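Spelled out, the chains give:
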Amino acid sequence: MTSRTPLIAGNWKLHNTIAQSVTLATALRAELDGTSGVEIAVAPVATALHPVASALEGSPIALAAQNTHWESRGAFTGELGPALLADVGCRYVIVGHSERRQLFGETEEGVRKKVRAVQAAGLVPIVCVGETLAQREEDATLGIVLGQVDAALAGNDASRLVIAYEPVWAIGTGKTASPADAQAVHAAIRGRLSAVIGELAQRLQILYGGSVKAENARDLLSQPDIDGALVGGASLEAKSFTSIVRAAL
Ligand code: PGA
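What this report covers is the structure whose coordinates are included nearby. Note that this is a predicted model, so its numbers are computed, not measured.

By secondary structure assignment, the location of Q102 is in helix α4 (residues 98–103). The class of Q102 is exposed, set by a relative accessible area of 51%. A C-alpha to C-alpha distance of 29 Å links Q102 and V245, two positions 143 residues apart in sequence. Beyond its immediate sequence surroundings of up to four residues, Q102 is in contact with T132 and V168.

Written out as structure tokens, the structure is:
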């Protein structure tokens, strides 16, 4: 069996000023410097990317962006592109988060183009997929999730990305998929990736997201196909995020 290094990524969403972001990054660094055996990333608001990059320089904590446009330059008022995110020091870009799909009209075609652009800039997309509560209740989970995976990967390099399975009903609600239910979806995603890239799929990290906390992280992360977590609320405090990182070791 291939062993995969887990990835714990914190999505700070629309929280924290520059000063608060740097304070949080500095606290994480103090706790996590010297940690090995787990990959760690944080995604601050765009205005804090540069100062947080400086605060994390030389630490084991990588920088992630929460979103990107698919073009790197041009007449696209208000956008940031992958080349700029690489320039500021990002290693990862979250693509297709359900909040972007639901609140900002992100389409599957947009997600596909963003994956391509992020990879072209030498960065790693964290591609988010997940079903709504209504879709789960209709037993449509696997069809929806695998359809999102297929759409994001079409024509793209499926061997250089991270997938985050985030059931929409579990995000910010305090509800989590049971470890067994999450594992079933993760295994199906890996199966789909294997159909495209064969054995390389064994190396890819598939994260779980949706109300991951210090208290439930270990059970989720002990599942064979859950290779880390995308953490929202619990990533806003150094103590809880650090506990989740340690649960992955
Ligand atoms: P949550 O968010 O941990 O607050 O549920 C997860 C996410 O949206 O990535």
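Moving on: the site of the ligand. Near the ligand, the surroundings consist of 13 residues, among which K13, H97, E166, G172 and S211 are the closest. Measuring from an oxygen atom of the ligand, one finds a side-chain N or O atom of H97 at 2.7 Å. Here an oxygen atom of the ligand and a backbone polar atom of G232 are 2.8 Å apart. Burial of the ligand by the protein chains amounts to 96% of its free accessible area of 280 Å². Its residues assigned to classes, the shell around the ligand comprises four nonpolar, seven polar and two charged.

About the cut-offs
Residues numbered from 1 in each chain as written. Predicted model: local features only at pLDDT ≥ 70, side-chain atom pairs only at ≥ 80, totals over all residues. Heavy atoms only, no water. Helix = DSSP H or I, 4+ residues; strand = E, 2+ residues; numbered from the N terminus. Buried < 20%, exposed > 50% of the residue type's maximum accessible area, 1.4 Å probe, protein only. Contact = heavy atoms within 4.5 Å. Near = heavy atom within 4 Å. Polar contact = N/O pair within 3.5 Å; in protein donor to acceptor, adjacent residues only side chain to side chain. Areas by Shrake-Rupley, 256 points an atom, 1.4 Å probe, with all protein chains shown as cover. Nonpolar A, V, L, I, M, F, W, Y, C, P; charged D, E, K, R; others polar.

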